[in-house]
Amino acid sequence: MNLSENGSGGGAGAPTLVSRPARPATLILRSARLLDPRKGLDASRDLVIREGSIAELSEPGGAPEIQGAEVVDAEGLLAVPAFVDPHVHFRVPGQEHKEDLETGTRSAAAGGYCAVIAMANTSPPIDSAAVLGSVRDRAEREASVPVGFIATVTREMAGEELTEMAELRDAGAIGFSDDGLPIANARVLRRALQYQRLAGGVIALHEEDPDLSGEGVMHEGEVSAALGMAAIPSVSESTMIARDCSLALYEEARIHIQHLSARASVEEIARAKAAGVQVTCEAAPHHLALTDEAIRSLDARFKMNPPLRSEDDRRALIDGLRDGTIDCVATDHAPHASEDKEVPFEEAAMGVTGLETAFAALHTDLVLPGVLPLELVVERMTCGGEPFGIAAPRIEPGAIANVALIDPELTWRVGEQGYESRSHNNCFGGRELTGRVLMTVAAGRVAFRQRSFAMGVAS
Ligand SMILES: [Zn+2]
Ligand SMILES: [Zn+2]
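Residues numbered from 1 in each chain as written. Chains lettered and ligands numbered in written order. Predicted model: local features only at pLDDT ≥ 70, side-chain atom pairs only at ≥ 80, totals over all residues. Heavy atoms only, no water.

A few words on the coordination of the zinc ion (ligand 1). Looking at the metal site, the zinc ion (ligand 1) is ligated by Asp179 (OD), His206 (ND1) and His259 (NE2), spaced 2.0 to 2.1 Å from it. Read in sequence order, the donor residues coordinating the zinc ion (ligand 1) give the pattern D-x26-H-x52-H. Between the two metal centres, the zinc ion (ligand 1) and the zinc ion (ligand 2), the spacing is 3.5 Å, with Asp179 acting as a shared donor. One end of the pair, His206, is in the loop between strand 11 (203-205) and helix 5 (210-213); the other, His259, is in the loop between strand 14 (254-257) and helix 8 (263-274), with 53 residues separating them in the sequence. His259 carries the same exposure label as His206, and that label is buried. (Donors = N, O, S within 2.8 Å, 3.2 Å for Na, K, Ca; no water. Helix = DSSP H or I, 4+ residues; strand = E, 2+ residues; numbered from the N terminus. Buried < 20%, exposed > 50% of the residue type's maximum accessible area, 1.4 Å probe, protein only.)

This part covers empty space enclosed by the protein. Overall, the coordinates contain four cavities of 30 Å³ or more when judged by the stated rule. Forming the walls of the largest cavity are 20 residues, and the residues nearest its centre are Ala110, Glu356, Trp412, Arg436 and Gln450. Sorting the residues of the lining of the largest cavity by element identifies helix 12 (358-367) and strand 18 (432-442) as the ones contributing at least two each. Of the residues contributing to the lining of the largest cavity, the split by class is nine nonpolar, seven polar and four charged. (1 Å grid on protein atoms, 1.4 Å probe; cavity = no way out; pocket = protein on both sides within 12 Å on 5 of 7 lines; lining within 4 Å. Points joined across faces, edges and corners; volume = space filled by probe spheres on them. Nonpolar A, V, L, I, M, F, W, Y, C, P; charged D, E, K, R; others polar.)

With their axes 10 Å apart at the nearest point, helix 4 (residues 186-199) and helix 7 (residues 235-251) run at an angle of 40° to one another. Relative to helix 7, the element helix 4 is oriented oblique. Judged by the sense of rotation from one axis to the other, the crossing of helix 4 with helix 7 is right-handed. Here Ala186, Leu189, Arg190, Leu193, Gln194 and Arg197 of helix 4 come into contact with helix 7, specifically with Arg243, Asp244, Leu247, Ala248, Tyr250 and Glu251. Looking at the contact of helix 4 with helix 7 residue by residue, the classes come out as six nonpolar, one polar and five charged. (Axes fitted to C-alpha atoms, helices over the stretch in contact; angles between N-to-C directions. Parallel < 35°, antiparallel > 145°, perpendicular 65-115°, else oblique. Left-handed = near helix turned anticlockwise from the far one by under 90°. Contact = heavy atoms within 4.5 Å.)

In this section: the pairing of strand 6 (residues 78-81). Here strand 2 (residues 27-36) runs beside strand 6; their pairing, made up of two bridges, is parallel. Residue pairing in the sheet places Arg33 in a bridge with Leu78 of strand 6. The sheet contact formed by strand 6 and strand 17 (residues 403-413) spans four bridges and is antiparallel. Paired with Ala79 across the bridge in strand 17 is Leu405. (Pairing = 2+ DSSP bridges.)

Of note, the bond from Val92 into Pro93 is cis; its omega dihedral lies within 30 degrees of zero at 5°. Looking at where Pro93 falls in the secondary structure, it is placed in the loop between strand 7 (83-88) and helix 1 (101-110). Unusually for a residue other than glycine, His259 sits at a positive phi of about 30°. Classification of His259 as buried rests on a relative accessible area of 1%. The phi angle at Leu298 is positive, at roughly 60°, despite the residue not being glycine. Here Leu298 lies in the loop between helix 9 (285-289) and helix 10 (311-323). The exposure class of Leu298 is partly exposed, given its relative accessible area of 44%.

Oppositely charged side chains can pair when the atoms bearing their charge come close. For the structure on display, the rule yields 31 salt bridges. Residues Arg33 and Glu375 are paired through a salt bridge, measuring 3.9 Å at the closest nitrogen-oxygen approach. Here Arg33, found in strand 2, pairs with Glu375, found in helix 13 (residues 374-382); they are 342 residues apart in sequence, far enough to count as distant. The partly exposed category is assigned to Arg33, whose relative accessible area is 33%. One connected set of salt bridges, linked through shared partners, spans Arg38, Glu379, Arg380 and Glu386. (Salt bridge = Lys/Arg side-chain N within 4 Å of Asp/Glu carboxyl O.)

Right, let's get into helix 2 (residues 129-142). A rise of 1.5 Å per residue sets the reference length of helix 2, with its 14 residues, at 20 Å; its end C-alpha atoms lie 20 Å apart and thus fit the reference within 8%. Those residues of helix 2 that fall on the buried side of the exposure criterion are Val131, Leu132, Val135, Arg136, Ala139 and Glu142. Buried residues of helix 2, viewed axially, fall in a sector of 135°; they line one side. Turned more than 90 degrees from where helix 2 packs its buried face, Ala130 and Arg141 sit exposed. Buried residues belonging to helix 2 abut strand 1 (17-18), helix 1, strand 9 (147-151) and helix 3 (165-170). (Expected span 1.5 Å × (residues − 1). Arc of directions from axis to C-beta.)

Dropping the structure here:
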């Protein structure tokens with residue numbers, strides 16, 4: 001299945017995104033504020049979805065009833081193209097006690113996502129067509145939102161021997177990444193880039209120099225000095241980005257840099273793009289909204305890799321998102337069991353969940369204070385599939401319906417009513433956020449609706 005008829009994974013033999021079958025939706029969202037930044041659409045309309053496709057945008061209150069259609073009074077609500085997350089961890093196979101495809105895609109749908117791209121650092125890693133085939137089969141039974149699967153660049157993620165990239169592409173890999181780990185050996189990455197040019201599918205890179213990161217558990221700066229913790233300098237990331245952009249330029253290959261966290265990294269990407277490198281990149285809500293000051297609490301929910309950095313780094317990420325140096329928002333949703341997190345900060349696992357809070361966090365911390373316009377945040381959240389060949393959803397007649405319906409004024413306490421994710425390591429847990437997804441239509445199907453959110457059915 002694909003997000004839209006004309007969306008394309010580019011060249012692969014197998015369809016790129018997989019999900020379980022469900023009944024196509026027929027519904028009318030009455031008098032919603034329809035916002036599709038790429039189309040320049042911002043108007044109150046009735047949005048009519050018929051048999052899973054957007055049928056029409058009518059004057060508010062003007063759409064005729066359709067027999068059997070669900071009718072939503074959406075006055076005061078926001079309907080946007082649903083979001084696409086290029087970077088999640090669903091722990092299948094091997095660690096289903098943290099997350100599986102059913103809970104992971106439910107969490108995605110609850111956050112307004114209509115498609116996600118799942119990383120390959122599972123156990124075992126997705127490094128063969130057999131493992132890839134088995135997770136795709138499971139997604140066909142369990143996933144309520146279409147999932148694209150990444151395959152690893154190196155066998156067993158050992159950083160040495162390349163996987164069969166062409167065979168993995170034919171088996172449906174949407175791209176390649178050893179995320180969780182960098183590809184430390186430049187010769188290995190160079191060869192992977194040569195194969196990428198032939199096999200297609202972008203190579204996504206977790207950028208970190210293992211020698212510079214060492215045993216670090218947080219950002220190197222004033223806070224780590226005050227707490228006396230081993231730390232990860234921002235140059236651990238930026239020097240690897242510089243190296244890999246040079247390699248991509250030399251091999252004329254395409255790369256996507258994951259979870260930018262530092263000012264120096266944004267500057268490297270800007271230089272590389274100006275020099276003609278085929279590079280895209282992403283930033284995560286936690287890096288856009290939080291800094292290392294949060295770690296003074298010693299709460300392991302603020303521990304992830306790359307780490308929360310300084311206010312200056314955060315400002316640079318926001319500026320990069322605004323000016324397009326940073327292409328898209330990615331959550332790096334990384335579920336962990338409570339026993340891996342409820343331990344002293346230094347010992348806790350790296351990673352935070354984020355699918356259910358991404359929009360609300362950015363809306364609360366960046367849009368409402370006037371730091372970034374709503375249109376820009378929505379646009380950067382919808383285009384996350386583009387580096388992987390997945391077209392951004394559109395609100396236009398004829399398109400497959402991929403729509404998030406949001407109450408922009410609803411304030412809620414994160415975690416108060418639990419999470420759809422199996423794991424609870426959300427770095428916004430306990431905070432009051434404003435803006436909540438009430439309903440998500442993904443690939444023409446209603447994938448999520450808020451429990452308290454009722455609607456009428458026309459007879
Ligand atoms: Zn990573
Ligand atoms: Zn990751």
